[in-house]
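# Observations on the three-dimensional arrangement
One letter stands for each residue in the lines below.
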Amino acid sequence: MSAPRPRLLLGLVHAGAALLVAVCLVETLGSGLVERGTALAFGILVALGELARWTGAASREAAPLGAAAALSYALLGENDGQSTQHGVAQVIGVVLAASLLGSVPHIARGRPVLDHLARRVLTVGFAAVCFQPLYNQGTFHGWGTAYALLLLAILTLTALCDALLAAALAHSRTRWPFGPLLRDELRATLGIGSAVCATGAVMALAVAVAGLWALPVFSLPLLLTQMSLRRYAAVRATYRQTIASLARATEIAGYTPAGHARRVAALSREVGRDLGLSEAELTVLEYAALMHDIGQLSLVDPVPAGATAVLPVEEQRRIALLGGAVVRQTGVNPQVAMVVERLADPCLEQPVAARIVRAVNAYEEKTRDAGPGGPLKALEELRLGAAGDYAPEVVRSLARVLSRDCLTPPVVG
């Protein structure tokens, strides 16, 4: 997809959120804030959730407590047995003000918040539009058990809309394929997203019966869930650092150039995203790319510059098998070892991850000291060898990824 279309999509999302906010603020300021105690209680909870907002990659929802509180306020029909009077405009105004207040520390640190706020406003607005007008007209009075099911249905639709928005914004920012991004967002919705929706529904129902005292009680489980996710992300980060440190063994021993494994892993992950791999598949791909040269430690004499692509096929296969055996001893996911072992297999017999690492490794080796025209020359050589040595679809994807980066390998931190 060309660059203007993703930029247009990003602008439309932001413009839609800004227009909705403007209309709601004008209406709220004109009519005045009703039930200020309720608005203040939910606003404080949303602000606290935003203050604890987390940018960890293990979770799609950065502020689960803030999201649950905002959705609960959007679906609040009663407070301690008394019908509420706030409408869609006040819901969006309160959520926006609280979200901005809670985002001040993040803005001060230079963290991006615009996409996050646009998603919050649009998803909460969708839930409020689905619920508040009909409730205020008395449509849901006397529904009994069906009322709780209605809240869950609205929250399910809201979660789907949020996944669609998140995928659209990610596509606009990165130009990665929209379909795989949406698939990953929908999968993430089954995790923390389902906890957010369930907590939002329970909060709304509990406040309707017990009043605002129910808010801190039902916020605690979600806070504990967020803490668990942070610990899980920390474990994963440590695990990846361990793999990266092991992959540097070939660099320290002088078998491969400094940074080679990291460059191959970064570019392989970009190619994998372009080909539509899932997050789990991308993780396997990244780990295999980091450790693809570990078998060279078995060589008595290092290959010049670590360029295994120029070795005979049998020697490449021996290095790949030895590398896979080393990876298996580390306790890493067995799929990673399988990918490493099959790096020297015939192209048509390789899994997708092995095809990607093989092509990217060859590209990196060919462009290492090739000068300004190296990337184009390397791509041409890969295309000429695509019929037997390299998968044509991987070479085409590599060309697309590099074209977004002006035919230069991505910078690795």
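The model shown is predicted, which means the values in this text are computed figures rather than measured ones.

### Focus: a nonpolar patch on the surface
Residues Leu40, Ile44, Leu48 and Leu51 make up a contiguous nonpolar surface patch of roughly 380 Å² in combined accessible area. Inspection of the secondary structure puts Leu51 in helix H2 (residues 36-51). Owing to a relative accessible area of 43%, Leu51 belongs among the partly exposed residues under this scheme.

### Here we look at the environment of Thr156
Within the secondary structure layout, Thr156 lies in helix H6 (residues 145-174). Along the sequence, Thr156 and Ala15 sit 141 residues apart, while their C-alpha atoms lie 25 Å from each other. Within polar-contact distance, the side chain of Thr156 engages the backbone oxygen of Leu152 at 2.7 Å.

### A word on the state of the cysteines
A full pass over the atoms with the stated rule returns zero disulfides. With no disulfide of its own, Cys24 lies 14 Å from the sulfur of Cys130, the closest cysteine sulfur. Exposure remark for Cys24: the relative accessible area of 5% places this residue in the buried category. Here Cys161 stays free of any disulfide, with the sulfur of Cys130 as its closest cysteine sulfur at 7.6 Å. Among the residues examined, Cys161 registers a relative accessible area of 28% and is labelled partly exposed.

### Quick word on the nonpolar core
Among the nonpolar cores identified, the biggest contains 49 residues, and Tyr73, Leu75, Val91, Val124 and Phe131 are the most heavily contacted of them. Elements with a minimum of two residues in this core: helix H1 (4-31), H2, helix H3 (64-74), helix H4 (88-108), helix H5 (114-136), H6, helix H7 (178-210) and helix H8 (214-247). Apart from the residues lying within four places of it in its own chain, the contact partners of Leu75 are Ala127, Phe131, Gln132, Tyr147, Leu151, Ile154, Leu155 and Ala204. Counting 44 residues, the second largest nonpolar core, distinct from the first, contains Val336, Cys347, Ala353 and Tyr363.

### What to know about the UniProt feature "transmembrane region" (unreviewed entry) in the chain
UniProt feature "transmembrane region" (unreviewed entry): in the numbering of this structure it lies at residues 87-105, 117-135, 147-169 and 190-215. End C-alpha atoms of residues 117-135 are separated by 26 Å, and the span's content is 100% helix alongside 0% strand. Segment residues 190-215 splits into 88% helix and 0% strand. End C-alpha atoms: 23 Å apart.

### Section: the side chain of Ser397
Along the chain, the position of Ser397 falls in helix H16 (residues 392-404). A relative accessible area of 0% means that Ser397 is categorised as buried. Once residues lying within four places of it in the same chain are set aside, the contact partners of Ser397 are Val271, Asp274 and Leu275.

### Thoughts on the domain arrangement of the chain
Interfaces are often sized by the accessible area lost when the parts come together. Parsing the chain into structural domains produces domain 1 (6-218) and domain 2 (236-404). Taking only C-alpha atoms into account, the centre of domain 1 sits 43 Å from that of domain 2. If you look at the interface, domain 1 gives nine residues, while domain 2 gives eight residues. A buried area of about 790 Å², summed over both sides, lies between domain 1 and domain 2, and 47% of it is on carbon and sulfur atoms. The largest share of the area that domain 1 buries against domain 2 comes from Arg175, Trp176 and Pro177, three residues that together contribute 53% of it. Our count for the domain 1 to domain 2 interface comes out at zero salt bridges. On the surface where domain 1 and domain 2 come into contact, there are three residue pairs in polar contact (both at pLDDT 80 or more). Grouping the amino acids of the side of domain 1 that touches domain 2 by side-chain chemistry returns four nonpolar, no polar and five charged.

### Quick notes on the pattern of salt bridges
Enumeration over the complete set of coordinates arrives at 19 salt bridges. Its salt-bridge partner being Glu364, residue Arg263 comes within 2.6 Å of it at the nearest N-O pair. Placement of Arg263 in helix H10 (residues 260-274) and of Glu364 in helix H14 (residues 352-367) is noted, with a sequence separation of 101 residues between them. Looking at Arg263, the relative accessible area reads 26%, which means it is partly exposed. Connected via shared salt-bridge partners are Arg240, Arg269, Arg273, Glu279 and Glu286.

Criteria and thresholds
- Within any chain, residue numbers begin from 1 and follow the written order of that chain's sequence.
- Reporting of local features is limited, given that this is a predicted model, to residues whose pLDDT is at least 70; pairs of side-chain atoms are given and counted only at 80 or more, and all residues count toward the totals for whole chains, interfaces and linings.
- Values shown for side chains rest on all heavy atoms present in the structure; no hydrogens or waters enter the calculation.
- Here a patch means residues that are over 30% exposed by relative accessible area and free of salt bridges, tied together within 9 Å if like-charged and within 5 Å if nonpolar (Val, Leu, Ile, Met, Phe, Trp, Tyr).
- Here, Shrake-Rupley sampling with a 1.4 Å probe gives the accessible areas, and only protein chains in the shown set may cover a residue.
- Whenever a carboxyl oxygen of Asp or Glu lies within 4 Å of a side-chain nitrogen of Lys or Arg, that contact is scored as a salt bridge.
- Counting from the N terminus, the helices are the DSSP runs of H or I reaching at least four residues and the strands are the DSSP runs of E reaching at least two.
- Buried, partly exposed and exposed residues are distinguished by accessible area as a fraction of the type maximum, computed with a 1.4 Å probe on protein chains only: under 20%, between the cut-offs, and over 50%, respectively.
- Any pair of nitrogen or oxygen atoms within 3.5 Å is treated as a polar contact; in protein, a donor-acceptor pairing is required on top of that, and neighbouring residues in sequence qualify only through side-chain atoms on both sides.
- Two cysteine sulfur atoms form a disulfide, by the criterion used here, when they sit within 2.5 Å.
- In these notes, a set of buried Ala, Val, Leu, Ile, Met, Phe, Trp, Tyr and Cys residues joined through side-chain atoms within 4.5 Å is what counts as a nonpolar core.
- In what follows, a contact means two residues having at least one pair of non-hydrogen atoms within 4.5 Å.
- UniProt positions are given in the numbering used here, feature names are shortened, and annotations may be inferred rather than shown by experiment.
- Residue ranges labeled as domains rest on an automatic or database domain assignment.
- The buried area of a pairing is the accessible area, by a 1.4 Å probe, that goes missing from both parts when the two are put together, added over both.
- Residue polarity is assigned by list, with Asp, Glu, Lys and Arg as charged and Ala, Val, Leu, Ile, Met, Phe, Trp, Tyr, Cys and Pro as nonpolar; anything else, Gly included, falls into the polar class.

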